[in-house]
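If you want the building blocks of each chain, they are given just below.
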Amino acid sequence: MVVANVKKSKKNLLRIIVISLIMLSWLKPIGVDFVYIEVFKLTFLIAFFVFVITYLIRFISRSDTVNFNVLITSVNIYLLGGIIGASLALVCYKIYPDAYNFPAYTNPNVFVTFLYYGFITMSTVGYGDIAPRIPETQTLAYLISVAGQLYVAIVIAVLIGKFLMHNDQKTTDQKSGPKE
């Protein structure tokens, strides 16, 4: 009974997030353009992606073997993590307009710019063309890079562990022979 109520409340929370995102997205085309509306929209987007990532992580942890679906899910989690990092960087930029140094050829008002920044930071390539200027964005940059590297290390370890465990079970089953 309690589990059913928890599942129902999670579904209701997801519905609220999705409906709020849709409503907030409709405000800009009708002429309502406030910075905080954009921040709320990005916050709901981040919450939605975090919800999706937790669901995908549960899928990986519950799988017994490493198959194509598990590998694709692992890649999707990494890509969603980059989108979350980009969204957090954009939120910082919306709140603090001088939060980053941008090169002259970059348009900072486009999400793609922050998507580039999020993935470059998460992969720890760090070209240096977009650089955080204030302590808040510097902290975000190292959190994104640490999260990206930890994710890669942990996922590789988990997938290799599942793969080896599955191969070990196959070997044990082959040695014991057919069951009667």
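Structure shown above.
So, here's what we can say about the structure. (Residues numbered from 1 in each chain as written. Predicted model: local features only at pLDDT ≥ 70, side-chain atom pairs only at ≥ 80, totals over all residues. Heavy atoms only, no water.)

**Regarding the layout of surface pockets**
Approximately 300 Å³ is the volume attributed to the largest pocket. As for the largest pocket, its lining consists of 15 residues, of which Ile 53, Gly 81, Ile 84, Met 122 and Ala 147 are closest to the centre. Elements supplying a minimum of two residues to the lining of the largest pocket: helix 2 (35-62), helix 3 (68-95) and helix 5 (135-176). A breakdown of the residues in the lining of the largest pocket according to their chemical character gives 12 nonpolar, 3 polar and no charged. Around the second largest pocket, the lining residues are Val 6, Lys 7, Lys 10, Leu 14, Phe 51, Tyr 55 and Arg 58. If you list the elements that add at least two residues to the lining of the second largest pocket, you get helix 1 (2-27) and helix 2. When residues in the lining of the second largest pocket are grouped by element, the largest group, 4 residues, is from helix 1. Considered class by class, the residues forming the lining of the second largest pocket number 4 nonpolar, no polar and 3 charged. (1 Å grid on protein atoms, 1.4 Å probe; cavity = no way out; pocket = protein on both sides within 12 Å on 5 of 7 lines; lining within 4 Å. Points joined across faces, edges and corners; volume = space filled by probe spheres on them. Helix = DSSP H or I, 4+ residues; strand = E, 2+ residues; numbered from the N terminus. Nonpolar A, V, L, I, M, F, W, Y, C, P; charged D, E, K, R; others polar.)

**Considering a positive patch on the surface**
Together, Lys 7, Lys 10, Lys 11, Arg 15, Arg 58 and Arg 62 line one region of the surface with positive charge. Sorting the residues of the positive patch by element identifies helix 1 and helix 2 as the ones contributing at least two each. At 4 residues, the largest contribution of residues to the positive patch is made by helix 1. For Lys 11, a relative accessible area of 54% corresponds to the exposed category. (Patch = residues over 30% accessible without salt bridge, like charges linked within 9 Å, V, L, I, M, F, W, Y side chains within 5 Å. Areas by Shrake-Rupley, 256 points an atom, 1.4 Å probe, with all protein chains shown as cover. Salt bridge = Lys/Arg side-chain N within 4 Å of Asp/Glu carboxyl O. Lys, Arg positive; Asp, Glu negative; His and termini not counted. Charge placed at Lys NZ, Arg CZ, Asp CG, Glu CD. Buried < 20%, exposed > 50% of the residue type's maximum accessible area, 1.4 Å probe, protein only.)

**Re the packing of aromatic side chains**
Using the criterion set out here, one finds 9 aromatic pairs in the structure. Plain terms: the ring middles of Phe 48 and Phe 49 are 5.7 Å apart, the flat faces sit at 50° to each other, and that makes the pair tilted. Phe 48 sits in the partly exposed class, given a relative accessible area of 24%. Using a relative accessible area of 15% as the deciding quantity, one classes Phe 49 as buried. For the ring pair Phe 102 and Phe 114, a centre distance of 5.8 Å and an interplane angle of 85° mean the geometry is edge-to-face. Linking Phe 102 in the loop between strand 1 (100-101) and helix 4 (111-122) with Phe 114 in helix 4, this pair joins segments that are 12 residues apart in sequence. Grouping aromatic residues by their ring pairs yields a cluster made of Tyr 93, Tyr 100, Phe 102, Phe 114 and Tyr 117. (Phe/Tyr/Trp six-rings, centres within 6.5 Å; stacked < 30°, edge-to-face > 60°.)

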